[in-house]
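Below are the chains, spelled out letter by letter.
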Amino acid sequence: MKKLVGFIGWRGMVGSVLLDSLQKNNDFIGFRSVFFTTSQLCGTPPHVTNSIATRLEDAYNIEYLITLDIIVSCQGERYTTQVYTKLKKNGWKGYWIDASSYLRMHDDSIIVLDPVNLKSIQLGIEQGVKTFVGGNCTVSLMLMALGGLFKNHLVDWISVSTYQSVSGSGSQGMLNLIKQIEHVYQNISPHLPLSKSILDVEKIFTGSLNNMYNSVHNSKIPILGNLIPWIDVSMKNGQTKEEWKGSAETNKILNSKKNILIDGTCVRIPVLRCHSQSFTIKLNRDISIREFESLISSHNPWVKVIDNNFNSVTAQLNPLRVSGTLDIPVGRIKKLNIGKKYFSAFSVGDQLLWGAAEPLRRMLNILINSL
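Residues numbered from 1 in each chain as written. Predicted model: local features only at pLDDT ≥ 70, side-chain atom pairs only at ≥ 80, totals over all residues. Heavy atoms only, no water.

**A few points about unusual backbone geometry**
Put simply, the rule reads: Under the DSSP-based scheme used, a helix requires at least four consecutive residues in state H or I and a strand at least two consecutive residues in state E, with every element numbered from the N terminus.
Unusually for a residue other than glycine, N26 sits at a positive phi of about 55 degrees. In this fold, N26 is placed in the loop between α1 (13–24) and β2 (32–37). Phi is positive for N50, close to 65 degrees, though the residue is something other than glycine. In this fold, N50 is placed in the loop between β2 and β3 (57–58).

**What about the state of the cysteines?**
Going by this rule: Any cysteine sulfur atom paired with another within 2.5 Å is treated as part of a disulfide. Residue burial is assigned from relative accessible area. The probe radius is 1.4 Å, only protein chains are included, and a residue is buried under 20% of its type maximum, exposed over 50%, and partly exposed in between.
The tally for this structure, following the rule as stated, stands at zero disulfides. We note that C74 lacks a disulfide partner, and the nearest cysteine sulfur, in C137, lies 14 Å from it. Lacking any disulfide linkage, C274 is separated from the closest cysteine sulfur, that of C137, by 11 Å. For C274, a relative accessible area of 1% translates into the label buried.

**So, empty space enclosed by the protein**
Here is the rule we go by: Residues are called lining when one of their atoms sits within 4 Å of a cavity or pocket point, these points coming from a 1 Å grid over the protein atoms alone, where a cavity is a set in which a 1.4 Å probe fits but cannot get out and a pocket is an open set with protein on both sides within 12 Å along at least five of seven lines. Grid points are joined across faces, edges and corners, and a volume is the space filled by probe spheres set on the points.
Applying the stated criterion to the full structure yields two cavities of 30 Å³ or more. In this model, the largest cavity occupies a volume close to 100 Å³. Forming the walls of the largest cavity are 14 residues, and the residues nearest its centre are T138, V160, T162, G246 and I262. Contributing elements (two or more residues each) for the lining of the largest cavity: α5 (137–151), β8 (155–164), α8 (241–254) and β9 (261–268).

**Considerations on the UniProt feature "active site" (unreviewed entry) in the protein chain**
Condition: UniProt positions are given in the numbering used here, feature names are shortened, and annotations may be inferred rather than shown by experiment. Any two residues having at least one pair of non-hydrogen atoms within 4.5 Å are treated as being in contact.
With numbering aligned to this structure, UniProt lists the feature "active site" (unreviewed entry) at C137 and H275. These annotated residues cover 139 residues of sequence, but their C-alpha atoms sit close together, with the largest distance between any two at 8.2 Å. For C137, a relative accessible area of 11% puts it in the buried group. Beyond its immediate stretch of four places on either side in the chain, C137 contacts Q164, E242, H275, Q351 and G355. Within the element layout of this structure, H275 appears in strand β10 (residues 274–283). Judged by relative accessible area, which is 1%, H275 ranks as buried. The residues touching H275, leaving out its near neighbours within four places in the chain, are C137, T138, L141, Y163, Q164, S165, G168, R268, S347, V348, G349 and Q351.

**Comments concerning the environment of K252**
Take K252: it is sitting in helix α8. A C-alpha to C-alpha distance of 36 Å links K252 and G225, two positions 27 residues apart in sequence. Dropping the residues within four chain positions of it, K252 is found in contact with R104, M105, H106, S109 and I111.

**Considerations on the UniProt feature "domain: Semialdehyde dehydrogenase NAD-binding" (unreviewed entry) in the protein chain**
If you check UniProt for "domain: Semialdehyde dehydrogenase NAD-binding" (unreviewed entry), the listed places come out as residues 4–124 in our numbering. The span residues 4–124 is 33% helical and 21% strand by assignment, and the distance between its end C-alpha atoms comes to 21 Å.

**As for the nonpolar core**
Just so we agree on the cut-off: Only buried Ala, Val, Leu, Ile, Met, Phe, Trp, Tyr and Cys residues count toward a nonpolar core, and they belong to the same one when joined by side-chain atoms within 4.5 Å. The start and end points of each domain follow an automatic or database-based domain assignment.
F7, I70, F132, M363 and L364 are the most contacted members of the largest nonpolar core, which totals 43 residues. In this structure, this core is formed jointly by two domains, domain 1 (4–135 + 357–370) and domain 3 (171–215), each of which donates at least three residues. For F7, the residues in contact, after removing those within four places along its chain, are L22, F28, F31, S33, V34, F35, F36, V72 and L364. In this structure, I111, L141, A145 and F343 belong to the second largest nonpolar core, which totals 33 residues.

Listed below in structure tokens is the structure:
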């Protein structure tokens, strides 16, 4: 009989993208599914192949959850903390696939990114690992972009500056950005076309943003026309937790014998979906630019090397071009003047696809095909 898979948090941003990808790839044909809710009990579930339920089930019903072979949760850390623990205490032997960060660094979990660590995933299944977790978005996107360098053990260290979209802060972050655009346009539109000097218009634009957040924005400063070089909570060493994840999660995913040093600054910018990253890479041996490009482009079929010229970079290496796709363009590849082993590169990836939903979808299919 086909495995029974439960979905929690499928209405949220990551869950919605996951559901859409599962349907587009006809994945539901491989298992039976049931959908749960934390707020709309007995509501109508989505219409998918092999769904066994005619209503939404209670996401806190441990007795029902314990009957499932696989649970896929995009509900968030609070839900995982509460329900996962209860299931384990009640002897549940099923598989848990999670989008939240709560279980990532647990000893009995594997952070999943199968184009990079498929062998570790397969070995984990053989050894009885039951918990599989999607990684931090920028970590996953970095490993997809530079996977060929890591696979060939060429990376000494990486310094990275991220340019992370507001989707990384949740759906409310996306709505806030759109509300800010609307608010500023209402204030500035009477002066367009320019009836004032451009500097006067700039003052209206900037003043409108600085005065708006008390009414339409929940954070301390607006993001439109701005950037915030701080993501997540503070760590004792001056890093933010988002920056700490770069090294901690990378080394766990790669199961590295030698700790690969990765650090930098994570920045929130006014883009809706895609995260971009600027890398300074120290390799442990001198290679040519052509070999660098060959190593990363041959690692997985989603990496697209972008020629280092104005037209190619501006047309292909940007969030608008990448949004909604699985493409991982990597460009601005060049050797740095500071030494023969030093390279720079710039990548873009959809935070909601390879950065969140796609590794979960692929992990579910790996389990379905393995059990």
